[in-house]
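Spelled out, the chains give:
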Amino acid sequence: MPTDTPPHLNVDLTTLRTLRLVHDLGSFSAAAQQLGQNQSTISYAIDRARQAFQDPLFARQGKGIAPTDRCREIVQHVGHMLDDFEVLATPRTFDPVEATETVTLSCNYYERVIILPGLVKKIRREAPGLRLKVIQSRVKGDVQLKRGETDFLFSPMLVDGSEVFRRRVYEDYYVCVMDRNNPLAKAPFDLDSYRHANHVTITYDGRWRPLYLDALEANNVQLKSVIGLTSMSTLESLLVGTDLISTIPRSIAQKYGADIVVRPCPVDVPLKINLFWTARSHHSAMHKWMRNLIVEACSEQRME
């Protein structure tokens, strides 16, 4: 006589994907927004998962939710299964001329100014129907990547994780920039004059410090910072007509106007930009093509 199917065998892949997304985002509403669904649909999927696994899965914690230990265990195992299924379901071929998919990139001001223009030109020539979505990573690009909010991440920071892949795509170095009438623009410029100058420092959302600051502190050198910014986007206008100087990547400094003088930085620290992606897209023919295009665009930028 046939028996009823065990509850856990009634769970479909859509329910499992929803469970993982709610776990990763820590929010029913955020999951609904990312999937383009209403919150009741998400709640229904989680209820199905609760019945299947005989566990509440999430508990109220302050104004949000927290996963149970059982939920964490399930998501860890289910994540590998879902990634493997996506690999199997991914087309093995990709024709850029016919492509209409959307690719999401996460990056910050530097990559948008230095890497993105050349990459966009190549995409428009080779895959005119491909859509590109660019989001700001600030200092949470690793979270965006692991949650599946972005396909690719550009970052000088390292991203940990066995499911994360990395490739070095661009290298730069730091220089000092100042107004052309700044006395330091014409005088000898060494470490002593550098450390006593009035600096504008950029700490990228206030939480990530450029690598040259760490190198200075390792040598017990403290800069005289009089202005702190979270982005380089307004820096040039702040330097013009003042005695301020700033330390920024050479590729950005080259784009400044004639009112700005560029001097070698007394501290030699490289800036290395990495491209990150996850196992979700590693075997995708489209993403392989996109990775190669990014590498080509970065290589051409370095030669300019």
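Residues numbered from 1 in each chain as written. Predicted model: local features only at pLDDT ≥ 70, side-chain atom pairs only at ≥ 80, totals over all residues. Heavy atoms only, no water.

All right, on to the state of the cysteines then. Enumeration according to the criterion identifies zero disulfides in this entry. Considering cysteine sulfurs only, Cys176 is the nearest to Cys265, which forms no disulfide, with 4.2 Å between them. (Disulfide = S-S within 2.5 Å.)

A few words now on the pairing of strand S2 (residues 64–67). Sheet topology note: the strand S1 (residues 58–61)/S2 ladder contains four bridges and is antiparallel. Bridging across to S2, Arg60 finds its partner in Ile65. Counting the residues in the hairpin turn of S1 and S2 gives two residues, including Gly62, whose phi is positive at 65°. (Pairing = 2+ DSSP bridges. Helix = DSSP H or I, 4+ residues; strand = E, 2+ residues; numbered from the N terminus.)

Right, let's get into unusual backbone geometry. With phi around 70°, Leu57 is a residue other than glycine that occupies positive phi space. Among the structural elements, Leu57 can be located in the loop between helix H3 (39–53) and S1. The residue Asn220 is not glycine, and still its phi comes out positive at about 60°. Within the secondary structure, Asn220 sits in the loop between helix H10 (211–218) and strand S8 (224–229).

With a probe scaled to a water molecule rolled over the atoms, the places where space remains empty come into view. All told, the structure shown has one cavity of 30 Å³ or more when counted by the stated rule. As a volume, the largest cavity reaches approximately 200 Å³. The wall of the largest cavity is formed by 19 residues, among which Asn108, Glu111, Pro156, Tyr204 and Trp208 lie closest to the centre. Of all the elements in the fold, those that place two or more residues in the lining of the largest cavity are helix H5 (109–114), strand S5 (152–155) and strand S11 (270–278). In terms of residue class, the lining of the largest cavity is built from 13 nonpolar, four polar and two charged. (1 Å grid on protein atoms, 1.4 Å probe; cavity = no way out; pocket = protein on both sides within 12 Å on 5 of 7 lines; lining within 4 Å. Points joined across faces, edges and corners; volume = space filled by probe spheres on them. Nonpolar A, V, L, I, M, F, W, Y, C, P; charged D, E, K, R; others polar.)

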